[in-house]
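So you can see what is in the structure, the chains are spelled out below.
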Amino acid sequence: MVKHRKTVQYKHANNESSSSSGASDTSIAGRAFHLLSVWKTGAGFICLAIAVYVGTLGYLETRVNTPLDEEKVVQETGLSVPERYWGSYRPGVYFGMKCREPRSPVFGMMWYELAAAAHKGIRHLCEQNDNLPTYGWLRHDGLTFGEQLISDPPHQIHTSFIKTPGGEHGGHWTARINITATGKSAPPLVLIWYAALDESLGSGSHSRLWAERGTLMGHTPALGRFRVHLVPHSGILIHSSLSEAHSAGLHLLKEKFYSLLRIEDQPYLGRLAVLGPDEEIADSDKEVNFVPIQMLVETPFVLDVVYTTEDLPTPPVRGDEYTKTMEKLKMGYDEEFERIFNLEKKGYSAQDISIARAALSNMVGGMGYFYGASRVQSKYTREPVPYWRAALHTAVPSRSFFPRGFLWDEGFHLLLVSWWSADLALDVAAHWLDLINVEGWIPREQILGVEALARVPKEFVVQHNSAANPPMLLLSLARLVRSRPHLFTETPYRQTLDRMFPRLQAWYQWFLTTQKGDEPTTYRWRGREDDGFQLNPKTLTSGLDDYPRASHPSSIERHVDLRCWMYAAADAMAVIARALDRDTDKFEDMKEQLGNEDLLNELHWSPHTQTYADYGLHTDGVRFVRQQARDPQEGARVVRSVTIAPQPRLVTSAFGYVSLFPMLMKVLKPESDKLGNILEMLDKPDLLWSPYGLRSLSKLSPLYMKRNTEHDPPYWRGQVWININYLAISALHHYSVSGGPHAARAKSLHQRLRDNVVSNILSEYKRTGYLWEQYSGEDGKGSGCRPFTGWTALVVLLMADEY
């Protein structure tokens, strides 16, 4: 038994040993499984984090070119708005017609003197260097007709058009070109009328152009089949020729025309440049998209260009009927102009009134219809990306230099346009607001289509989504609502404003979040960069470009003008919200906060100079020095040298437009002591006051009329700008009728400043034939680009005393 017991014990021990070994193996396997699980879980979390990061980055990358998900403001366009379908929507050419379609055919005019072609060249695009004595619309109602004078001595070219509504394809129109000459020995003129299609929109448009027995023919899906007859009915047509050709783009039409010219020997005419076949399309699959017709004419010469479609039986006006209809339209325009602006009743001369009519007409007639996609970038995109393709109906600042849309300019344009036509102003504003992205951002410069892009320097093409522009468009809409509240009780207007509201609110909120400063209720324009070559780094986003700010850009800056813009924006949002019976509390609260004068003074008032000013890292100890570049081949270059280290401080040495913004935006109360200080300094000739308007920068400022780089002349450093002068005159009018201790002084300054600005603009127009971008504070002479019938056309409202 003992043995057996031992055997049993032995077996039991063996069983325990076996069990212990199995447990150990299981424990190891468990730990391995646990580690594997942890690793898999960690790897999963890492993969998830990477996916989230990549997804978030992809989401952030696409926000810059994602439209705001709200109902579009523009509900009807193209043929749905037949009265606005055709127009002179090509402001960058001397005369051209197109319709409000992305794939519109375009029509236009070129000309050159036979005897002067070598040194004057072909006229086509509005160019500064053409140095024409004058050109521009004399009358244009933005709807039905327009007439324009182009002076190119010894020739005078009158262009005009009349639209004939009806049918399903946008109606008919007739353009008239009337060429006269001074002197009996004026040389023959070569006139070119052409049709073209926009190659940049790609193939598949199913649009065609061709010539048939001297008539321009075409077809597009929107227009159907159309034809353009050229009907000379006065003067001598010496010779004509035409060509069917392919152009690489609308911006290259003149160059393409040059390439089509062939020298031929003509009986009685000698050697003559005539249009020949386009050799590029002879043996290729390229389609005809450019048909020019060249006419050698003797003056006086009158040509009617008659556009017709097949669906409209009503004939377009031409010949004597055109002459009679034009006279009737001109008379009606003049009567309507006087009814709205009352300039004759105010005692202005017939010549002054004609200038005012031309100013308004150039604003309205200078409107363009553009289609394309901007190039945009955010900090999340490595390279610029295309915005979505969109249409834009907008006025332009200058047909010769800025024939495209600018955001803050358009706000000033609509101040005038809305007095002439609320419908037109709302249509333009609607197109702009439909360009807002999901962030609430609107690109400040619109470069849509090849014609616009070809005229913009590369460094200005890409728009960055941190870049703002003053919200003047919002203020203009609020002014329209405030001045004509009855309009917005009517269904169409109210519905349009209602669709605008969420977009305006998104834009307003974008300002509040992206342009805020480091301290509460402070704001800072983004986009300032110190490259070492600028005397004072530009602030393009403010609209005031090289106006002096803090010498060394930093995040501590606070800009008094932007703070005041935000006060005015909050007020504007409250006005619009109230008109739509929406809640105004948050806008009123913001207006009250930004209107707190004690807080404004704490942030921006200098007790030492008794002025408002920006704050930032600043020194006046800057100058230009010439420095040898590292690469000997580059030679010497002019760079900025800092002689006194910058300090955080108010930029009090830059007294000028920015210093006036608490008054310009009507932030200050009528009884404010600080308003009294501004008014006292306003009319001092050694500061801002001049006989021609308020200078942009004080004559005592260290940077007054100083170049900003070796190549950049002063821009907002002393010149008189009409948009800010209009704001000043409007503010002075406001304070003159608001009571308070400064009302009498404000009234006197208002009358004197308005008279100075108006008289100088009219005087310079009579002397030069143009409205100008800016005016000298020393002698009143126009400077910058011309014609500038953007915000300089506000002279019409100044003459009418309308604010």
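Residues numbered from 1 in each chain as written. Predicted model: local features only at pLDDT ≥ 70, side-chain atom pairs only at ≥ 80, totals over all residues. Heavy atoms only, no water.

Draft legend 1. Representation of the sheet that holds strand 21 (residues 462-464). A sheet is described by the order of its strands in space; here three strands give the open sequence 17-16-21, paired in mixed fashion. For this open sheet the edge positions go to strand 17 (385-386) and strand 21, each flanked by a neighbour on one side alone. Bridging between strand 16 (residues 375-377) and strand 17 involves two bridges; their strand directions are antiparallel. Across the sheet, residue Arg375 finds its bridge partner in strand 17, namely Pro386. (Pairing = 2+ DSSP bridges. Helix = DSSP H or I, 4+ residues; strand = E, 2+ residues; numbered from the N terminus.)

Draft legend 2. Geometry of the nonpolar core. Membership of the largest hydrophobic core comes to 206 residues, with the highest contact counts inside it found for Trp193, Phe337, Phe341, Met500, Ile576, Met663 and Met665. Looking at this core element by element, the count peaks at 15 residues for helix 12 (residues 560-579). Two domains each provide a minimum of three residues to this core, namely domain 1 (109-341) and domain 2 (361-800). If near-sequence neighbours (up to four positions away) are discounted, Met500 is found in contact with Val73, Leu426, Ala429, Ala430, Leu433 and Leu477. Val106, Ile192, Tyr194 and Leu253 belong to the second-largest nonpolar core, a separate cluster that totals 18 residues. (Core = buried A, V, L, I, M, F, W, Y, C linked by side-chain atoms within 4.5 Å. Buried < 20%, exposed > 50% of the residue type's maximum accessible area, 1.4 Å probe, protein only. Domains from an automatic or database assignment. Contact = heavy atoms within 4.5 Å.)

Draft legend 3. Region of the structure containing the state of the cysteines. With the rule as written, the count across this model stands at zero disulfides. In this structure Cys126 is not part of a disulfide, and its nearest cysteine sulfur, from Cys785, lies 12 Å away. When its relative accessible area of 0% is taken as the criterion, Cys126 is described as buried. For Cys785, a relative accessible area of 3% translates into the label buried. (Disulfide = S-S within 2.5 Å.)

Draft legend 4. Summary view of the domain arrangement of the protein. As assigned here, the protein comprises domain 1 (109-341) and domain 2 (361-800). Summarising the inter-unit geometry, the C-alpha centres of domain 1 and domain 2 are found 38 Å apart. Between domain 1 and domain 2, the contact holds 27 residues from the first and 27 residues from the second. Here domain 1 and domain 2 share an interface that buries about 2,400 Å² over both sides, 55% of which is from carbon and sulfur atoms. Linking domain 1 to domain 2 there are zero salt bridges. The tally of links from domain 1 across to domain 2 stands at 13 residue pairs in polar contact (both at pLDDT 80 or more). Put simply, the parts of the chain that give the side of domain 1 that touches domain 2 at least two residues each are strand 4 (134-140) and helix 5 (319-341). In terms of residue count, strand 4 provides more of the side of domain 1 that touches domain 2 than any other element does, seven residues in total. (Buried area = accessible area lost by both parts, 1.4 Å probe. Salt bridge = Lys/Arg side-chain N within 4 Å of Asp/Glu carboxyl O. Polar contact = N/O pair within 3.5 Å; in protein donor to acceptor, adjacent residues only side chain to side chain.)

Draft legend 5. Local environment of the packing of helix 15 (residues 657-664) against helix 17 (residues 722-737). Relative to each other, helix 15 and helix 17 sit at 35°, their axes nearing to 10 Å. For the pair helix 15 and helix 17, the crossing hand works out as left-handed. Contacts between helix 15 and helix 17 pair Tyr657, Phe661, Pro662, Met663 and Leu664 from the former with Ile724, Asn725, Leu727, Ala728, Ala731, Leu732 and Tyr735 from the latter. Tallied by class, residues from the contact of helix 15 with helix 17 come to 11 nonpolar, one polar and no charged. (Axes fitted to C-alpha atoms, helices over the stretch in contact; angles between N-to-C directions. Left-handed = near helix turned anticlockwise from the far one by under 90°. Nonpolar A, V, L, I, M, F, W, Y, C, P; charged D, E, K, R; others polar.)

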